Amino acid sequence: MGDQKRPLQPGEYAPAFALPSANQKGTVSLASLHGQPFLIAFFRGLHCPFCRRQVGQLGSLQPALRAAGVETVAVINTPVERARIYFEHRPTPAVLLCDEACSTHQAFGVPHGEFLPEDSGEKPVWPYRASMEQFEAARINPTGELPEALHPMAANALLNAKDDFELTDVDHAIFASHPTQLVGHFLIDGDGIVRWVQIEARDGPDSLCIFPNAAEMLAAASSLRR
């Protein structure tokens, strides 16, 4: 696990943050959200087609979550200027925040993978210290859009081509800086306490890019009323 913090657990307080917004003025902080329950999801950069799809799903779910008294926040590992250009053409009612350094991902304990050297005798501990062999064997098709289960990198390339999404130099730079960042979803109550957590691929690389579905997120939001 190295120096990585474990993911926050239910009952723990969310850490303070303040991030620039891609679709609101100024910054949004934990303090500005105080008193308002919110679902916050931490994503990779725009280079990840599965993350783009999940941001879209969060946007479509926002009215139902708001009706349940929960705000919807998406944190994207992308510079705010790049995110504003992209989401100008694909607007969403979810609050879009940008963290190009993944500092907030780390504060919430969303893991990023590290690969063991080839000759290492250390036992792999997914996802913190994984073997390249373990990752290369992964096959995914989480949205059912692929002709067959593919390696995650091949899946990304195919879906980006399907979407006519061309990575910019900024997207390539973000991917190079944070190639193994995972995704995490946290439900925070009005007092800033974590009530529900979902971390991507906890069971291994074959569950990469599998994110909570609408029913799971709505059920978590409804549980705040009980």
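The following paragraphs examine the structure supplied in this document. No experiment lies behind these values; they were computed from the predicted model shown. (Residues numbered from 1 in each chain as written. Predicted model: local features only at pLDDT ≥ 70, side-chain atom pairs only at ≥ 80, totals over all residues. Heavy atoms only, no water.)

1. Quick look at the nonpolar core
Then comes step 1: Membership of the largest hydrophobic core comes to 63 residues, with the highest contact counts inside it found for Phe-17, Ile-40, Phe-108 and Phe-186.
Then comes step 2: Phe-17 has contacts with Val-28, Ser-29, Leu-30, Leu-33, Phe-38, Ile-40, Leu-97, Thr-104 and Phe-108, leaving out every residue within four places of it along the chain. (Core = buried A, V, L, I, M, F, W, Y, C linked by side-chain atoms within 4.5 Å. Buried < 20%, exposed > 50% of the residue type's maximum accessible area, 1.4 Å probe, protein only. Contact = heavy atoms within 4.5 Å.)

2. Looking at the environment of Ser-177
Then comes step 1: In this fold, Ser-177 is placed in helix α7 (residues 169-177).
Then comes step 2: Residue classification places Ser-177 among the exposed positions, given a relative accessible area of 52%.
Then comes step 3: With 75 residues separating them along the chain, Ser-177 and Cys-102 place their C-alpha atoms 9.8 Å apart. (Helix = DSSP H or I, 4+ residues; strand = E, 2+ residues; numbered from the N terminus.)

3. Observations regarding helix α3 (residues 80-89)
Then comes step 1: When we look at burial in α3, the residues that qualify are Val-80, Arg-82, Ala-83, Tyr-86 and Phe-87. An end-on view of α3 places all buried positions within 150° of arc, on one side of the element. What points out from α3, more than 90 degrees from its buried face, is the exposed set Glu-81, Ile-85, Glu-88 and His-89.
Then comes step 2: On its buried face, α3 is in contact with β1 (18-20), α2 (49-67), β4 (71-76), β5 (95-98) and α7. (Arc of directions from axis to C-beta.)

4. Quick notes on the pattern of salt bridges
Oppositely charged side chains are able to pair whenever their charged atoms sit close together.
Then comes step 1: As enumerated under the stated definition, the model contains eleven salt bridges in all.
Then comes step 2: Across the salt bridge formed by Arg-6 and Glu-12, the nearest N and O atoms sit 2.6 Å from each other.
Then comes step 3: Owing to a relative accessible area of 42%, Arg-6 belongs among the partly exposed residues under this scheme.
Then comes step 4: Note on Glu-12: relative accessible area 24%, which makes it partly exposed. (Salt bridge = Lys/Arg side-chain N within 4 Å of Asp/Glu carboxyl O.)

5. Some thoughts on the side chain of His-47
Then comes step 1: Among the structural elements, His-47 can be located in the loop between β3 (38-43) and α2.
Then comes step 2: When sequence neighbours within four positions are dropped, the list of residues in contact with His-47 reads Arg-52, Asn-160, Phe-165, Leu-167, Asp-171, Ile-174 and Phe-175.

6. Describing unusual backbone geometry
Then comes step 1: A cis amide bond links Trp-126 to the next residue, Pro-127, at an omega of -5°.
Then comes step 2: Residue placement: Pro-127 occurs in the loop between α4 (103-107) and α5 (132-136).
Then comes step 3: In this model, Cys-102 sits at a positive phi of 60°, which is unusual for a non-glycine residue.
Then comes step 4: Among the secondary structure elements, Cys-102 is positioned in the loop between β5 and α4.
Then comes step 5: The exposure class of Cys-102 is buried, given its relative accessible area of 0%.

7. Here's the deal with the packing of aromatic side chains
Then comes step 1: Counting across every chain of the model gives eight aromatic pairs.
Then comes step 2: Seen from their ring centres, Tyr-86 and Phe-87 are 4.9 Å apart, and the 85° between their planes marks the pair as edge-to-face. In terms of burial, Tyr-86 and Phe-87 fall into one category: buried.
Then comes step 3: Here Tyr-86 and Phe-165 contribute two aromatic rings whose centre-to-centre distance is 5.9 Å and whose plane-to-plane angle is 75°, an arrangement assigned as edge-to-face. Here Tyr-86, found in helix α3, pairs with Phe-165, found in the loop between α6 (152-162) and α7; they are 79 residues apart in sequence, far enough to count as distant.
Then comes step 4: Classification of Phe-165 as buried rests on a relative accessible area of 9%. (Phe/Tyr/Trp six-rings, centres within 6.5 Å; stacked < 30°, edge-to-face > 60°.)

8. Here's the deal with the packing of α2 against helix α8 (residues 214-223)
Pairs of packed helices are described in terms of their axes, by the angle between the two and the distance that separates them.
Then comes step 1: Direction vectors running N to C along α2 and α8 enclose 40°, while the axes themselves pass 11 Å from each other. Between α2 and α8, the crossing angle belongs to the class labelled oblique. Note on packing geometry: the crossing formed by α2 with α8 is right-handed. In this structure, α2 contributes Gln-54, Gln-57, Leu-58, Leu-61, Ala-64 and Leu-65 to the contact, and α8 contributes Ala-214, Met-217, Leu-218 and Ala-221.
Then comes step 2: Among the residues forming the contact of α2 with α8, the class breakdown is eight nonpolar, two polar and no charged. (Axes fitted to C-alpha atoms, helices over the stretch in contact; angles between N-to-C directions. Parallel < 35°, antiparallel > 145°, perpendicular 65-115°, else oblique. Left-handed = near helix turned anticlockwise from the far one by under 90°. Nonpolar A, V, L, I, M, F, W, Y, C, P; charged D, E, K, R; others polar.)

9. Observations concerning the packing of α2 against α6
Then comes step 1: Running from amino to carboxyl end, α2 crosses α6 at an angle of 60°, the nearest separation of the two axes being 8 Å. On the basis of their axis angle, the class for α2 and α6 is oblique. Residues Pro-49, Phe-50, Arg-52 and Arg-53 of α2 touch α6, and the partners they reach there are Ala-155, Asn-156, Leu-159 and Asn-160.
Then comes step 2: In the contact of α2 with α6, the residues fall into four nonpolar, two polar and two charged.

10. Describing the side chain of Thr-72
Then comes step 1: Among the structural elements, Thr-72 can be located in strand β4.
Then comes step 2: Not counting the four nearest positions on each side in its chain, Thr-72 is found in contact with Leu-39, Leu-58, Gln-62, Leu-65, Ala-94 and Val-95.

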